[in-house]
Amino acid sequence: MTFDWSVVWQHRDALIAATGTTILLTLATMAIAVPCGIVVAALRLYAWAPVRAIATAYVELFRNLPLILVVYWAFYVLPIMTGLGLSPLATGLAALVLNVTAYNAETFRAGINSIRRGQVEAAMALGMSRMQALRRVVLPQALRRILPVLASTWVSLFKDTSLVSVIAVSELAYVAMQIRAQTFRVLEMLTAMAAIYWLLGYPQAKLVDWMQRRFAVTE
Amino acid sequence: MDFDFSVITDHLSFLGAGIAVTLLLSVLSGVTSLAAGLVVALLRLYGPRWLKPLVILYIDSMRAIPVLVVLVWTFFALPMIAGVTMSPFVAALIGLTVHLAAYAAEIVRAGVESVRPGQSRAALALGMSQTQIVRRIIMPQAIVRMLPAFGSLLSITIKDTAIASVIAVLELMRQSETLAGQSFQPIEVFSFAMLVYFLILFPVTRGVDMFYRRVAHLGRS
């Protein structure tokens, strides 16, 4: 069997553009899902009981669904429910945001809960308001524990963007598989796709390891 | 908007077959990735020195490459090199195992390393061999501590089996997609699929948590 690796070089422009979309999708999802995650976590922790129950139900539902199903669901159901004609990119972004927000909310909640109650009580005994105690005492400590988790969510998200290829978002996985179908260079294109993901993902995975060591909390 | 859930009841055996494949693939890849992960972790911890960089490269590579890519590569590209043909199910099982074993190996390593080194030294001083120490001192404590992480890995495994739909494994995701396309009732079909996945996954995560709480004391030292 002969392999023709030049096919990868010939399609470099398409692959580079697709890699750009993958990175952009990751960035956009995280940029939306972090503030949304904070809101959902705050609702779960401090809101009125019925709202708290809804926030909990949302988090538990999306943490217990395969992302690929959420992507299909968003693709078929969102246009019918909202009456909007969303582009595949916007649909994929919506599905990723719904998923990652649930994980981020849980990360923030766990981070805030990991700070012992006594600290808030001590801060309030010193005359701080609940808000002040949260901002000055709890959050600075919680952030140290939240950051490494967010970083590993980031890496998972970077990999999970490949799943929106099933609704024809022209990110790396979709474009590589399209070129494969057009050129019949199956092994070359699929290996190139894996190699690009590896080149981008490997340093990120190592960075997460470093952050986990750097921000390790010992009690 | 009208909903007609008769599409679900009419195609219950079609969807049921998908659920069966999802469960079978989850259980099989759960077991194989656990076994493979244990071997990989032991190689990383106690294997020959020259092998360690390779094992670390493998683990970190799997953390860097999406499951979708691993599955597609295993199904379409691997047969071209290896010269064997595989059914989608076998390809999915191999792909998922190769991917998830890396995560399982990291869990095992973290569990083993959480047992204080003083215990191994004490066991050495008592005249135990390395194998005896791993089997009798380290593993009994480490396995209990690994439980919560294995619980979430199991839930990740079940979720990842849905990605096998991309290589045409006829599991629940694939069957739902086919039915949604044929019946033009995506809302009903995908809502049903969501319900089924939730009903499988939620008890699994909760069950492992509850089981861990009952046995957590066995892992303390």
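Here the structure is shown first, and the text comes after it.
The model shown is predicted, which means the values in this text are computed figures rather than measured ones.

Thresholds applied
- Residues numbered from 1 in each chain as written.
- Chains lettered and ligands numbered in written order.
- Predicted model: local features only at pLDDT ≥ 70, side-chain atom pairs only at ≥ 80, totals over all residues.
- Helix = DSSP H or I, 4+ residues; strand = E, 2+ residues; numbered from the N terminus.
- Buried ≥ 20, exposed ≤ 12 C-beta atoms within 10 Å, placed from the backbone.
- Contact = placed C-beta atoms within 7 Å.
- Axes fitted to C-alpha atoms, helices over the stretch in contact; angles between N-to-C directions.
- Parallel < 35°, antiparallel > 145°, perpendicular 65-115°, else oblique.
- Nonpolar A, V, L, I, M, F, W, Y, C, P; charged D, E, K, R; others polar.

Novice: Got a sec to walk through the overall build of chain B? Specific residues and values, please.
Specialist: The secondary structure content of chain B amounts to 9 helices and 0 strands. In sequence order, chain B lays out its α and β elements as α-α-α-α-α-α-α-α-α. Dimensions of chain B, computed from the C-alpha atoms along their principal axes, are close to 75 × 45 × 25 Å. Out of the 221 residues in chain B, the part that is buried amounts to 38%. When contacts within chain B are restricted to residue pairs at least 6 apart in sequence, those whose partners lie at least 24 apart make up 78%.

Novice: Break down the environment of B:Ala123 for me, with residues and values.
Specialist: All names here are of chain B. Its location among the elements puts Ala-123 in helix 6 (residues 117-125). A count of 18 C-beta atoms within 10 Å places Ala-123 in the partly exposed class. Sequence-wise, Ala-123 and Phe-198 are 75 residues apart; in three dimensions their C-alpha atoms are separated by 45 Å. Every residue in contact with Ala-123, bar those within four places of it in the chain, is listed here: Met-128, Ile-133 and Ile-137.

Novice: Let's hear about the packing of helix 7 (residues 130-161) of chain B against helix 9 (residues 186-215) of chain B: which residues, and what values?
Specialist: Residues and elements named next belong to chain B. Here helix 7 crosses helix 9 at 175 degrees, and the two axes come no closer than 9 Å. Taken together, the axes of helix 7 and helix 9 are roughly antiparallel relative to one another. Contacts between helix 7 and helix 9 pair Val-144, Leu-147, Pro-148, Gly-151, Leu-154, Ser-155 and Ile-158 from the former with Ile-200, Leu-201, Val-204, Thr-205, Val-208, Asp-209, Phe-211, Tyr-212 and Val-215 from the latter. Looking at the contact of helix 7 with helix 9 residue by residue, the class counts come to 12 nonpolar, 3 polar and 1 charged.

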